[in-house]
Amino acid sequence: MLNVTGHDKPGVTSALFSNLPIDIKVLDVEQVVVQGLLTLAVLVEIDKETDLEQLIAPISTNLSKLGIQLSYVVADDFSETLSANFLTITVLGGPLQATAMAQLATRIAATGANIDRIQRIAAYPVTALELTISGGDKATLRQTLASLSHEAGIDIAVYHGGIERRGRQLVVMDVDSTVIQDEVVELLAEHAGVGAEVKKITDAAMAGELDFEESLRARVALLKGLPESIFAEVYSQLRLTPGARTLCRVLKSLDYHVALVSGGFTQVVEPLGHSLDVDHVRANELEVVDGILTGNVVGEVVDRAGKAKALVEFAEQHNIPLSRTIAIGDGANDLDMLATAGLGIAFNAKPVVRDAADTAVNVPYLDTVLYLLGISRQEIEDFDSQNGFERTYPSV
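Nothing here was measured: the structure is a model prediction, and the numbers come from that model. (Residues numbered from 1 in each chain as written. Predicted model: local features only at pLDDT ≥ 70, side-chain atom pairs only at ≥ 80, totals over all residues. Heavy atoms only, no water.)

## What about the nonpolar core?
Here is step 1 of the chain: Membership of the largest hydrophobic core comes to 66 residues, with the highest contact counts inside it found for Met-173, Val-179, Leu-188, Leu-260, Ile-328 and Leu-366.
Here is step 2 of the chain: Once residues within four sequence positions are removed from consideration, Val-179 is found in contact with Met-173, Asp-174, Leu-240, Thr-241, Ala-244, Leu-260, Leu-272, Leu-276 and Leu-366.
Here is step 3 of the chain: Counting residues in each nonpolar core, the second largest holds 21 residues, with Val-261, Ala-327, Ala-341 and Ala-357 among its members. (Core = buried A, V, L, I, M, F, W, Y, C linked by side-chain atoms within 4.5 Å. Buried < 20%, exposed > 50% of the residue type's maximum accessible area, 1.4 Å probe, protein only. Contact = heavy atoms within 4.5 Å.)

## Some points on the pairing of strand S5 (residues 87-93)
Here is step 1 of the chain: Counting buried positions along S5 yields seven of seven residues, so the element is predominantly enclosed.
Here is step 2 of the chain: Alternating positions in S5 separate into two faces, Leu-87, Ile-89, Val-91 and Gly-93 on one and Thr-88, Thr-90 and Leu-92 on the other, with burial throughout.
Here is step 3 of the chain: Pairing of S5 with strand S7 (residues 127-134) involves seven bridges; the strand directions are antiparallel. Paired with Thr-90 across the strands is Glu-130, a residue of S7.
Here is step 4 of the chain: Pairing analysis gives six bridges linking S5 to strand S8 (residues 155-160), with the strands arranged antiparallel. The partner of Ile-89 across the bridge, within S8, is Val-158. (Helix = DSSP H or I, 4+ residues; strand = E, 2+ residues; numbered from the N terminus. Pairing = 2+ DSSP bridges.)

## Thoughts on the packing of helix H7 (residues 195-206) against helix H8 (residues 212-221)
Here is step 1 of the chain: The interhelical angle for the contact between H7 and H8, taken along N-to-C directions, is 170 degrees, at an axis separation of 10 Å. Regarding the angle of H7 to H8, the classification is roughly antiparallel. Where H7 approaches H8, its residues Val-198, Ile-201, Thr-202, Ala-205 and Met-206 are matched on the opposing element by Phe-212, Ser-215, Ala-218 and Arg-219.
Here is step 2 of the chain: The residue inventory of the contact of H7 with H8, partitioned by class, reads six nonpolar, two polar and one charged. (Axes fitted to C-alpha atoms, helices over the stretch in contact; angles between N-to-C directions. Parallel < 35°, antiparallel > 145°, perpendicular 65-115°, else oblique. Nonpolar A, V, L, I, M, F, W, Y, C, P; charged D, E, K, R; others polar.)

## Quick notes on the confidence of the model for the protein chain
Here is step 1 of the chain: Summarising the model, the protein chain shows a mean pLDDT of 90, and 95% of its residues fall at 70 or more.
Here is step 2 of the chain: For the protein chain, per-element mean pLDDT is lowest for helix H5 (residues 163-166), which scores 66, and highest for helix H11 (residues 266-275), which scores 98. (pLDDT = per-residue confidence, 0-100.)

## Side note on helix H6 (residues 184-192)
Here is step 1 of the chain: Where H6 is concerned, the buried positions are Val-184, Val-185, Glu-186, Leu-187, Leu-188 and Ala-189.
Here is step 2 of the chain: Residues of H6 that are buried in the fold lie against H7, H8, helix H9 (230-237), strand S10 (257-265), H11 and strand S11 (280-289).
Here is step 3 of the chain: Backbone geometry just after H6 places Gly-193 at a positive phi near 80 degrees.

Encoded structure:
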């Protein structure tokens, strides 16, 4: 194993390989540059009769001219370190402190798992690191690291790595307090003068303390008498979650199918979905008669079970297995959807949802979900630059 270290510059890799014997067999190569510092490791196979000093001398001489150091180790055997069933751990912190990393590494080791690789995939608005883990059990690691996430104030996502992660093709998102920062029914209630009463019912429903359909009908009844024109006014008040448009834009560029599934109302969610260029929208419809809200819901209610049903139907429509779907939500009525998806992500969610989801993201930027798909901040910015989108953060 040849280990090359020093300040990176053009010609280092060439100097190494150009001075190796023409018939030598290269088994493995890995190179990383961190803040201009190069580490290059090359595994080669040699005969036992090979004169190591004669092999190393010309390589070392040429590299030293570039200010690069060379060292080597010899082993009788080599085995591939990465298992086909490795796990990926993504860590998000703002900031990400050394003490948190120390505890993370210690707890991973305590489960018997090994950290094979670490790479940074984002430097802002949070620091995001991706760890490749071998010899670990997903459930054990999740349980072990859950308390650290709370104690250290960082997000730790544990999920299966490999090609399956890159194959997910359907992303279904909740709307209120996920894609947008608002609760639409509460905005409507403010215009009806019943804001406090509706918010109390909403909070209880999202915490899982009330049946969703019952709570929805109770809130909608309080909206009776509002003019239909209120929908346009409320839509103009919506505040997108930072990164929501970036998330949808990047996913669509990668040919993902994207859907909004909401316990809110089609009269507001449909224009929102159109503005984000999503493929599907499913929400409840408020009854309007002669331009006035009646206080009733039309048709089947999109509740907790209804959201999961929508995810399944969208996946079937596009012939996508459930293992290749992602659901993102924050409330108790998202639990079935999160459980049904191949990867359920709790986004700034209530405790009951964080505990049940596959993973949780607790930073206020929705596009950080892309990090869980192995997409780096630099790749997002390169995509935006190539397509004429100005680099801004918090991203839109």
